[in-house]
Amino acid sequence: MDEFELIRTFFAPLATTQGADALRDDVAEIATGDGRLIVTTDAIVEGVHFLASDPIETVAAKLVRVNVSDIIAKGGRPDGALLSLVWPKGRDMGEVASFAGRLGRELSLWGAHLLGGDTTGTSGKLTLSMTLLGRCGPRGPVRRSGAKPGDEVWVTGAIGDGWLGLQAAQGRLKKMDATDREILAGRYRIPQPPPLAMAKIVSDFGNASIDVSDGLVADAGHIAEASGVELVLDWMDIPLSDEARRWLEVYPRAEMASLFTGGDDYQTLI
């Protein structure tokens, strides 16, 4: 049973309000008097979403940005945040100050602030979760389910750098220039979601949208399934970074499809 089957089977039946949208999207909606309030939550786990060797400051940045990407992709702007911190008992507590400092700077960068949360210890791995609130206009969040035949498909930035960055961080791209490897690893550790201004573009013009976290192909599939349409992606039109293009030159036999299926890009597909 994969993640989506698990949600449909056990948890969607519990989501009975209209704003929860049967857990079919990345955010839930709460109507308010001064616009619409939306909420998302994402967890990251050591060894799954970041490497044990990653600096704690980049872990804090990634935690914020994987949540910010969901809010922007729905046409919203980040607001308040709740943090759950599960800190390994053997890990240096001195790192908490560095984590908190970067967390505060990241929240401020995206126009958000900390509301509260919970901290606890564990004998396992570092685990962090953030619940992020966002505000969108009277139209409400742009769902996955609004795509229509004839719509154009847009993406806000380069695809594939998240997957390539993981390979670089794990020392698997030794044929590439050291500077390119460092840049790509940095993009894995600290994702680059679209700028906040993109939220209004999504809100004003998007019929359907999603953040690209599972991989461009998979996330396009989520929109197609939710909207009951077919999405056609021309791989020649998918934007790649200069570093990704150089990877294709250095590794000409590489499986290019990995760029489009690897995930961790945190761009917006509209």
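Residues numbered from 1 in each chain as written. Predicted model: local features only at pLDDT ≥ 70, side-chain atom pairs only at ≥ 80, totals over all residues. Heavy atoms only, no water.

Colleague: Before we move on, could you go through the packing of aromatic side chains and cite the residues and values that matter?
Modeller: Aromatic rings in a pair are described by how distant their centres are and how their planes are angled relative to each other. For the coordinates displayed, the defined rule picks out one aromatic pair. Seen from their ring centres, Trp163 and Trp247 are 5.7 Å apart, and the 75° between their planes marks the pair as edge-to-face. Taken as a pair, Trp163 in helix H4 (residues 161-169) and Trp247 in helix H8 (residues 242-250) lie far apart in primary sequence, 84 residues in all. Owing to a relative accessible area of 22%, Trp163 belongs among the partly exposed residues under this scheme. Positioned above the aromatic ring of Tyr188 is the side chain of Lys62, whose terminal nitrogen or guanidinium carbon lies 3.8 Å from the ring centre. The ring of Trp87 carries Arg91 above its face, with NZ or CZ at 5.6 Å from the centroid. (Phe/Tyr/Trp six-rings, centres within 6.5 Å; stacked < 30°, edge-to-face > 60°. Helix = DSSP H or I, 4+ residues; strand = E, 2+ residues; numbered from the N terminus. Buried < 20%, exposed > 50% of the residue type's maximum accessible area, 1.4 Å probe, protein only. Lys NZ or Arg CZ within 6 Å of the ring centre and 35° of its normal.)

Colleague: Account for the packing of H4 against helix H5 (residues 178-189), naming residues and giving values.
Modeller: Between H4 and H5, the least distance of the axes is 7 Å, while the angle of their chain directions is 115°. Considering their axes alone, H4 and H5 lie roughly perpendicular with respect to each other. Considering how the two elements wind past one another, H4 and H5 form a crossing that is left-handed. Contacts between H4 and H5 involve Asp161, Gly162, Leu164, Gly165, Leu166, Ala168 and Ala169 on the former and, on the latter, Arg181, Leu184, Ala185, Arg187, Tyr188 and Arg189. (Axes fitted to C-alpha atoms, helices over the stretch in contact; angles between N-to-C directions. Parallel < 35°, antiparallel > 145°, perpendicular 65-115°, else oblique. Left-handed = near helix turned anticlockwise from the far one by under 90°. Contact = heavy atoms within 4.5 Å.)

Colleague: Quick rundown of H8? Include the residues and the values.
Modeller: Those residues of H8 that fall on the buried side of the exposure criterion are Glu243, Ala244 and Trp247. Seen along its axis, H8 keeps its buried residues to an arc of 100°; they face one direction. Facing away from the buried side of H8 by over 90 degrees, the exposed positions are Asp242 and Glu249. Buried residues belonging to H8 abut H4, H5 and helix H9 (257-261). (Arc of directions from axis to C-beta.)

Colleague: Can you lay out the nonpolar core for me, pointing to particular residues and giving the numbers?
Modeller: It is characteristic of soluble globular proteins that their nonpolar side chains tend to be buried jointly. Within the largest apolar cluster, 33 residues are counted, with the highest numbers of intra-cluster contacts made by Leu63, Phe99, Leu103 and Leu128. For this core, the secondary-structure elements that each account for two or more residues are strand E2 (35-45), helix H2 (56-73), strand E3 (77-88), helix H3 (95-109), strand E5 (127-136) and helix H6 (198-205). In terms of residues, this core owes the most to one element, H2, which gives nine residues. Apart from residues lying up to four places away in sequence, Leu63 is in contact with Asp42, Ile44, Leu83, Phe99, Leu103, Leu128, Ser129 and Met130. Within the second largest apolar cluster, 24 residues are counted, among which are Ala147, Leu184, Ala220 and Val229. (Core = buried A, V, L, I, M, F, W, Y, C linked by side-chain atoms within 4.5 Å.)

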